[in-house]
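# Structural overview for review
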Amino acid sequence: MSLLSSTGVLLGKELRTEFRSRELLTTTVVFILMVIVLFSFTFDPTYTESRRFGPGLLWLAFLFAASLMLQPCFLREQNNDTLSALRLSVADPFAIFLAKLAANTLFLLFTELLMLPVFAVLYNVPVLPVLGQLILVFFLGSLGVSIAGTALSAISAQAHMRELLLPLLLLPLLTPVLVASTQVTVGLLDATPFMEWKGIGFLVVFDVVFLTALWLFGEYLLEE
Amino acid sequence: MKKQILAALVVFFLVGAAAYGAFFVAPTERTMGPIQRIFYLHVSSAWTGLTGFFICFIANLLYVFRRQPQWDWLSVSAAEVGLVFTTVVLISGPIWAHPVWGIWWTWDARLTSTFILWLLYACFLLLRTLVEEPDRRALFSALFGIFAFVDVPLVFGSIRWWRTQHPQPVVMGGSGSGLDPTMWKVLFFSWFAMLALMALLIRARYLMEAARGELEIVRREAEAV
């Protein structure tokens, strides 16, 4: 089987597993909602403040949520003892990573889009006129988070204190994604919205660099 | 043992000479005055810390491809020593910044990316304490080290582009920046002294890690019997 077709089959498996229980999606949605509400207590979001601080705290909420959501990615396989079977089933272990990171990107993007109207209402920022561009940033940002997060969750699954370890390893690594996506989102939610293409380009570079690193070194992460 | 003492004495002399150069040979800076002399410690430690992380990165790559424990020992030694030098940078920076800029810290590109770099390698060392099985620990930390090192230019780029009200870098900056020739000489000599100190520390730490690694192998063999 080619890389793409085996990735497709594995992605189907990831999506089926999640949609049977919907554990990840529901908990992540509630978590992001909670963070957004709690953030609003730390400062009283007026119209201008929301536009200035809103994007940053939205992305922080996404990153925190992702660092929790990515935990079970490999842990599930380990608990069910299915990792070896998974490795035997495909010729190229990169397919396992591709499928998992595609699934994670979809889950993240889905929860982010679900939370976007809530954010818009609670923080009083208009998002409809720039919806297309916002989806583009959300996609590129979530892809970066998922690539790095999937790789690191393979590491943290086999360590002590894994619940703490994954955010510790992931968050400093994701600083560039946080900075770039926040900047682009700030531009889009500005009183006169504009698209910061430099940020989009930067996110693409980040995604490509880490995808290449994962392609080169991913197989070693799955060694027994 | 004799050799080690001799090497330590040479390094001690070099660092002393560098300090002498910074205090008495280098001219006093026109606007900042004597406080600028911390520059020779600050910048040479920064370059040395980066050299340490670079050695760690090379050792990480070699471990992943060759799987010899020596590279793992080298990587942890270089990371620890690099982290110490970066800590010196992060402490000497604010001491310099406070009288000159009037603030201890600013979220400028270099400061912030050095801080993130420090965090990344602190996490690298933390990861090592949390994986018990030696081969797995070596492999995972090597892979994380590679990811972290690849991340560094991206961190720097992102922060430099978007989060800075940057003062022109003095060294390798644009036009209008530059150093007095004597200052250059003292700076390079300080860097050389710091590199010698780094080599000494890495070697000592490496021997310790090697002894620990061998002990672990013997212990495992004893348990297997």
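Residues numbered from 1 in each chain as written. Chains lettered and ligands numbered in written order. Predicted model: local features only at pLDDT ≥ 70, side-chain atom pairs only at ≥ 80, totals over all residues.

### Details of the overall build of chain A
Along chain A, the regular secondary structure elements total 10 helices and 0 strands. Mapped in sequence order, the helices and strands of chain A form the string α-α-α-α-α-α-α-α-α-α. Relative to the compact-globule value of 17 Å for 224 residues, chain A shows a C-alpha radius of gyration of 18 Å, a close match. Here chain A holds 224 residues, and 44% of them are scored as buried. Put simply, 81% of the contacts in chain A that link residues at least 6 apart link residues at least 24 apart. (Helix = DSSP H or I, 4+ residues; strand = E, 2+ residues; numbered from the N terminus. Rg over C-alpha atoms; globule rule 2.2 N^0.38 Å. Buried ≥ 20, exposed ≤ 12 C-beta atoms within 10 Å, placed from the backbone. Contact = placed C-beta atoms within 7 Å.)

### Some details on the overall build of chain B
Counting its secondary structure elements, chain B contains 6 helices and 0 strands. Mapped from its N terminus to its C terminus, chain B presents α and β elements in the order α-α-α-α-α-α. With the principal axes as the frame, chain B shows a C-alpha extent of 70 × 50 × 25 Å. Restricting the contact set of chain B to residue pairs at least 6 apart, pairs at least 24 apart contribute 76%.

### Topic: the confidence of the model for chain B
Residue and element names in this part refer to chain B. Looking at chain B, pLDDT values average 89 and 93% of them are 70 or higher. Of all helices and strands in chain B, the one with the weakest mean pLDDT is helix α5 (residues 134-162) (91), whereas helix α2 (residues 38-66) scores best (95). For this predicted complex, the interface confidence score (ipTM) comes to 0.91, while the overall pTM stands at 0.90. (pLDDT = per-residue confidence, 0-100.)

### Re the interface of chain A and chain B
With 25 residues of chain A in contact, the opposing surface of chain B contributes 26 residues. Of all the secondary-structure elements, those providing two or more residues to the side of chain A that touches chain B are α7 (131-156), α8 (162-173), α9 (175-188) and α10 (197-221) of chain A. The leading source of residues in the side of chain A that touches chain B is α10 of chain A, at 8 residues. When its residues are assigned to classes, the side of chain A that touches chain B shows 19 nonpolar, 4 polar and 2 charged. (Nonpolar A, V, L, I, M, F, W, Y, C, P; charged D, E, K, R; others polar.)

### Looking at α5 of chain B
When the terminal C-alpha atoms of α5 of chain B are compared, their 41 Å separation across 29 residues agrees well with the 42 Å that a helix rising 1.5 Å per residue should span. Its axis deflected by about 30° at Asp-151 of chain B, α5 of chain B carries its strongest bend there, up to four residues before the proline Pro-153 of chain B. (Expected span 1.5 Å × (residues − 1). Bend = angle between axes of the 7 residues up to and from the residue.)

### Comments concerning helix α1 (residues 3-21) of chain A
Residue and element names in this part refer to chain A. The end-to-end C-alpha separation of α1 is 28 Å, in line with the 27 Å expected for 19 residues at 1.5 Å each. All of the buried residues along α1 are Thr-7, Leu-10 and Glu-14. Buried residues in α1, looked at end-on, bunch into an arc of 75°, giving them a common side. Opposite its buried face, α1 presents the exposed residues Ser-5, Gly-12, Arg-16, Phe-19 and Arg-20, each directed more than 90 degrees away. (Arc of directions from axis to C-beta.)

### Focus on the packing of α2 of chain B against α5 of chain B
All names here are of chain B. Interhelical geometry of α2 versus α5 gives an angle of 130° and a closest axis separation of 9 Å. Compared by their axis directions, α2 and α5 come out oblique. Crossing handedness for the pair α2 and α5: left-handed. Only Ala-138, Ala-142, Leu-143, Gly-145, Ile-146 and Phe-149 of α5 make contact with α2, whose side of the interface consists of Phe-53, Cys-56, Phe-57, Asn-60, Leu-61, Tyr-63 and Val-64. Of the residues in the contact of α2 with α5, the class split is 11 nonpolar, 2 polar and no charged. (Axes fitted to C-alpha atoms, helices over the stretch in contact; angles between N-to-C directions. Parallel < 35°, antiparallel > 145°, perpendicular 65-115°, else oblique. Left-handed = near helix turned anticlockwise from the far one by under 90°.)

### Looking at the packing of helix α1 (residues 2-25) of chain B against helix α6 (residues 181-224) of chain B
Residues and elements named next belong to chain B. At a minimum axis distance of 9 Å, the contact between α1 and α6 shows a crossing angle of 155°. Between α1 and α6, the angle is such that the two are roughly antiparallel. Judged by the twist between their axes, the crossing of α1 over α6 is left-handed. Residues Ala-7, Ala-8, Val-11, Leu-14, Val-15, Ala-17, Ala-18, Gly-21, Ala-22 and Val-25 of α1 pack against Thr-182, Val-186, Phe-189, Ser-190, Ala-193, Ala-196, Leu-197 and Leu-200 of α6. Grouping the amino acids of the contact of α1 with α6 by side-chain chemistry returns 15 nonpolar, 3 polar and no charged.

### Here's the deal with unusual backbone geometry
Residues and elements named next belong to chain A. Within the chain, Asp-81 stands out as a residue other than glycine whose phi angle is a positive 60°. Along the polypeptide, Asp-81 turns up in the loop between α4 (72-79) and α5 (83-89). The backbone of Asn-124 sits at a positive phi, close to 60°, despite the residue not being glycine. Inspection of the secondary structure puts Asn-124 in the loop between α6 (94-123) and α7. Classification of Asn-124 by C-beta neighbours within 10 Å gives partly exposed; the count is 13.

### What about the nonpolar core?
The nonpolar side chains of a soluble globular protein tend to be buried with one another. With 118 residues, the main nonpolar core has Ala-148, Ile-155 and Leu-169 of chain A together with Leu-127, Leu-143 and Phe-144 of chain B as its most contacted residues. The dominant element in this core, judged by the number of residues it contributes, is α5 of chain B, at 13 residues. Residues within four places of Leu-169 of chain A in sequence aside, it is in contact with Leu-152, Ile-155 and Ser-156 of chain A together with Cys-123, Leu-127 and Phe-144 of chain B. (Core = buried A, V, L, I, M, F, W, Y, C linked by C-beta atoms within 7 Å.)

### Considering the environment of Gly-93 of chain B
Residue and element names in this part refer to chain B. When you line up the elements, Gly-93 lands in helix α3 (residues 69-101). Placed 59 residues apart in sequence, Gly-93 and Val-152 show a C-alpha to C-alpha distance of 20 Å. What Gly-93 contacts, discounting residues up to four positions off in sequence, is His-42 and Leu-111.

### Quick word on the confidence of the model for chain A
Predicted confidence across chain A gives a mean pLDDT of 91, with 100% of residues reaching 70 or more. Mean pLDDT values for the elements of chain A range from 86 in α5 of chain A up to 95 in α7 of chain A.

### Some words on the environment of Phe-188 of chain B
Positionally, Phe-188 of chain B belongs in helix α6. Once the C-alpha coordinates of Phe-188 of chain B and Val-43 of chain B are considered, the two residues, 145 residues apart in sequence, prove to be 9.8 Å apart.

### So, the environment of Met-115 of chain A
Residues and elements named next belong to chain A. With respect to the element layout, Met-115 can be found in helix α6. As a C-alpha pair, Met-115 and Ala-103 span 12 residues in sequence and 18 Å in three-dimensional space. With residues near it in sequence (within four places) discarded, Met-115 still touches Val-29, Ile-32, Leu-33 and Ile-36.

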